[in-house]
Amino acid sequence: MTDFDATRAQFDLPEGVIYLDGNSLGPLPRAATERVARAMTGEWGGMLITAWNKAGWMAQPEVLGDRIGRLIGAEPGHVVIGDTLSIKVYQALASALEMRPDRRVVLSDSGNFPSDLYMAEGLLGSLGPGYQLRCVAPEEVEAELTEEVAVLMLTEVDYRTGRLHDMAALTRKAQAMGALTVWDLAHSAGALPVDVAGAGADFAVGCTYKYLNAGPGAPAFIYVAPRHAEAARPALSGWLGHAAPFGFEPSYRPGSGIARMRVGTPPVLQMAALEAALDIWDGVDLADLRARSIALSEAFIARVEATCPQLTLASPRDPAARGSQVSFRFTEGYAAIQALIARGVIGDFRAPDIMRFGVTPLYLGMAEVEAAADIMAEIMDQQLWDDPAYHTRAAVT
Ligand SMILES: *Cc1c(COP(=O)(O)O)cnc(C)c1O
């Protein structure tokens, strides 16, 4: 059994705060402070450029990629980290599209995160006329999988509602129609068990600053199925994805397998934070994590629904159809979130009316979830959200 008191003790959370936003930015792992300081002073300061070899900086993208691979069910040697998630979406989609040269349609859904759709639009625009991004309602995806579709590009867990797609079933159907799949695991990695190999996913991408807790600006990851590893052509052909980066050849030759998905210099200091964050996952059984996530989510939903008739559940009621977040609709949702934050409960708001709460068993327990629901009840009951101070929107909501 996973010891969640032990995992919780490894995070540095401010006193008096109930943090329900780990789905957006995970908290600081205590060990990251020391690990980043070591990378700064011991490695960068002390070893200077020799640290690329001596401190293993150059190998880190693959080493850390494999540690993430365990959390998403990837075969060893097929995940690499680097860049931001938006870039990794572009990269995966570009490679996948090239593998279906006779098709022009990318199928996605309206629950996808806008940046994924924007990156697809940008890529399709560069590829020329005839390419089309078809965006349908999440429940229509399966029926819209036709033989026109080159790539099915989906985010497994909807960032607004937490709705969970059936990755294995949709992948099977897509492949039966001759399409490839690109799965975005931004709200899945570290949130629930994922099995990219078992599901037969072709490509998968995700970020490390949400449920994996590697800090603001931490790098993304990409998975390419072993059967495509030597066939996928990298559209972003940077020198560190070259077969011989220090051969300085005039022309690009892709590195072997997943190494070709590297682009340029990796973010060394952020990788140090990621390394410390991943240490916490070593003792975690994802089945235990899932069981606890469901128990906490169910308790939160029950308590909020019992005390806040003003709110409507926006997440699927069936826990098996949800990721690890709970959302409620409320017309004054933005102000209500500000009122919660003022009282030490940090959630966030997604337009137009979604109040979003991340459920992160590594550092959240039943007492906090219940206390958060009680504070919400007080805010609703006394209309505490109705304060001019809570209505001014900041740049980040
Ligand atoms: C968080 C998130 C992103 C953010 O992309 P960045 O490039 O890391 O800013 C993209 N896609 C999805 C599905 C996300 O949830």
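Residues numbered from 1 in each chain as written. Predicted model: local features only at pLDDT ≥ 70, side-chain atom pairs only at ≥ 80, totals over all residues. Heavy atoms only, no water.

K.L.:
Describe the domain arrangement of the protein, listing the residues and the values that go with them.
P.N.:
Here the protein is described as being made up of domain 1 (4-29 + 285-391) and domain 2 (56-281). For domain 1 and domain 2, the distance between their C-alpha centroids amounts to 28 Å. With both sides pooled, the region where domain 1 packs onto domain 2 buries about 2200 Å², and carbon together with sulfur makes up 64% of that total. Interface area lost by domain 1 to domain 2 is led by Pro29, Leu286 and Gln325, which between them contribute 22%. Inspection of the domain 1/domain 2 interface yields 10 residue pairs in polar contact (both at pLDDT 80 or more). When contributions to the side of domain 1 that touches domain 2 are tallied by element, the ones reaching two or more residues are α11 (286-307), β12 (325-329) and β15 (354-358). Broken down by class, the residue content of the side of domain 1 that touches domain 2 amounts to 16 nonpolar, 12 polar and four charged. (Domains from an automatic or database assignment. Buried area = accessible area lost by both parts, 1.4 Å probe. Polar contact = N/O pair within 3.5 Å; in protein donor to acceptor, adjacent residues only side chain to side chain. Helix = DSSP H or I, 4+ residues; strand = E, 2+ residues; numbered from the N terminus. Nonpolar A, V, L, I, M, F, W, Y, C, P; charged D, E, K, R; others polar.)

K.L.:
Lay out the sheet that holds strand β11 (residues 312-313) in plain terms, naming residues and giving numbers.
P.N.:
Across the sheet, which stays open at both edges, the four strands sit in the order β11-β12-β15-β14 with antiparallel pairing between neighbours. Both edges of this open sheet fall to β11 and β14 (348-350), since each of them pairs with a single strand only. Bridging between β14 and β15 involves three bridges; their strand directions are antiparallel. The residue of β15 that forms the bridge with aspartate 348 is arginine 356. Against the sheet, α11 makes contact with β11, β12 and β15, and its axis sits at roughly 20° relative to β12, the strand it touches most. (Pairing = 2+ DSSP bridges. Contact = heavy atoms within 4.5 Å. Axes fitted to C-alpha atoms, helices over the stretch in contact; angles between N-to-C directions.)

K.L.:
I'd love a proper account of the side chain of glutamate 368, names of residues and values included.
P.N.:
As for its placement among the helices and strands, glutamate 368 is situated in helix α13 (residues 366-381). Residue classification places glutamate 368 among the buried positions, given a relative accessible area of 16%. Filtering out sequence-adjacent residues up to four positions away, glutamate 368 remains in contact with Arg8, Ile18 and Tyr363. (Buried < 20%, exposed > 50% of the residue type's maximum accessible area, 1.4 Å probe, protein only.)

K.L.:
Give a description of the UniProt feature "modified residue: N6-(pyridoxal phosphate)lysine" (unreviewed entry) in the protein that names residues and reports values.
P.N.:
Using the residue numbers shown here, the UniProt feature "modified residue: N6-(pyridoxal phosphate)lysine" (unreviewed entry) corresponds to Lys210. Tracing the sequence through the fold places lysine 210 in the loop between β9 (203-207) and β10 (220-224). Not counting residues up to four positions away in its chain, the partners in contact with lysine 210 are Gly22, Asn23, Ser24, Leu25, Gly26, Ala186 and His187. (UniProt positions renumbered as here; feature names shortened; annotations may be inferred.)

K.L.:
Tell me what's going on with the sheet that holds strand β8 (residues 180-184), and back it up with residues and numbers.
P.N.:
Hydrogen bonds between backbone atoms are what pair the strands of a sheet, whose relative direction is either parallel or antiparallel. As summarised here, the arrangement of the seven strands in space is β4-β10-β9-β8-β7-β5-β6, forming an open sheet in which the pairing is mixed. The open sheet is flanked by β4 (79-82) and β6 (132-136), the only strands paired with a single partner. Averaged over all pairs of adjacent strands, the angle between strand axes in this sheet comes to 20°, irrespective of strand direction. The pairing of β8 with β9 spans three bridges and is parallel. Bridge pairing in β9 places tryptophan 183 opposite alanine 204. In the packing of helix α6 (residues 114-127) onto the sheet, contacts are made with β5 (105-109), β6, β7 (149-155) and β8, and the angle to β6 comes to roughly 155°.

K.L.:
Before we move on, can you summarise the site of the ligand with the specific residues and values?
P.N.:
Taken together, Thr84, Leu85, Ser86, Phe113, Asp116, Thr155, Asp184, Ala186, His187, Tyr209 and Lys210 are the residues near the ligand. Measuring from a nitrogen atom of the ligand, one finds a side-chain N or O atom of aspartate 116 at 2.6 Å. Within the side chain of tyrosine 209, a nitrogen or oxygen atom sits 2.7 Å from an oxygen atom of the ligand. Expressed as a share of its isolated accessible area of 390 Å², the protein-covered part of the ligand is 84%. For the shell around the ligand, the class distribution of residues is four nonpolar, four polar and three charged. (Near = heavy atom within 4 Å. Areas by Shrake-Rupley, 256 points an atom, 1.4 Å probe, with all protein chains shown as cover.)

K.L.:
Requested: an account of the pattern of salt bridges, with residues and values cited.
P.N.:
Applying the stated rule across the entire model yields 22 salt bridges. Here glutamate 275 and arginine 35 are joined by a salt bridge, their closest N and O atoms 2.5 Å apart. Placement of the pair is glutamate 275 in helix α10 (residues 268-281) and arginine 35 in helix α2 (residues 30-47), with a sequence separation of 240 residues. The salt bridge partner of arginine 67 is aspartate 279, with a shortest N-O separation of 2.8 Å. Placement of the pair is arginine 67 in helix α4 (residues 60-72) and aspartate 279 in helix α10, with a sequence separation of 212 residues. (Salt bridge = Lys/Arg side-chain N within 4 Å of Asp/Glu carboxyl O.)

K.L.:
Tell me what's going on with the state of the cysteines, and back it up with residues and numbers.
P.N.:
Within this structure, the stated rule accounts for zero disulfides. Cysteine 135 carries a free sulfur, and the closest cysteine sulfur to it, the one in cysteine 207, is 19 Å from it. Since its relative accessible area comes to 38%, cysteine 135 is described here as partly exposed. (Disulfide = S-S within 2.5 Å.)

K.L.:
Lay out the pairing of β7 with the relevant residues and their values.
P.N.:
Among the seven residues that make up β7, seven are buried, leaving the element largely enclosed by the rest of the structure. In the sheet, β7 pairs with β8 via five bridges, with the strands oriented parallel. Along β8, the bridge assignment pairs valine 151 with leucine 180. Between the parallel pair β7 and β8, the chain is carried across by helix α8 (residues 167-176), and the sense of this crossover is right-handed. (Right-handed = clockwise from strand over helix to strand, strands pointing away.)

K.L.:
Explain the pairing of β9 to me, using residue names and the numbers behind them.
P.N.:
The two faces of a sheet get side chains in turn, since along a regular strand they alternate between them. The buried count for β9 comes to five of five residues, which makes it a mostly enclosed element. As paired elements, β9 and β10 share five bridges and run antiparallel to each other. Opposite glycine 206, over in β10, you have phenylalanine 221 as the bridge partner.

K.L.:
Pulling in residues and values, what's your account of a nonpolar patch on the surface?
P.N.:
On the surface, Met40, Trp44, Leu48, Ile49 and Leu269 cluster together into a nonpolar patch covering about 530 Å² of accessible area. Positionally, methionine 40 belongs in helix α2. (Patch = residues over 30% accessible without salt bridge, like charges linked within 9 Å, V, L, I, M, F, W, Y side chains within 5 Å.)

K.L.:
I'd like a description of the side chain of arginine 260, backed by residues and values.
P.N.:
With respect to the helices, strands and loops of the structure, arginine 260 is situated in the loop between β10 and α10. Looking at arginine 260, the relative accessible area reads 6%, which means it is buried. At 3.1 Å, the side chain of arginine 260 forms a polar contact with the side chain of glutamate 230. Among the polar contacts listed, one links the side chain of arginine 260 to the backbone oxygen of glycine 255, at a separation of 3.0 Å. In this view, arginine 260 contacts Ala229, Glu230, Ala231, Ala232, Pro234, Gly241, Tyr252, Pro254 and Gly255; residues no more than four positions away in its chain are not counted.

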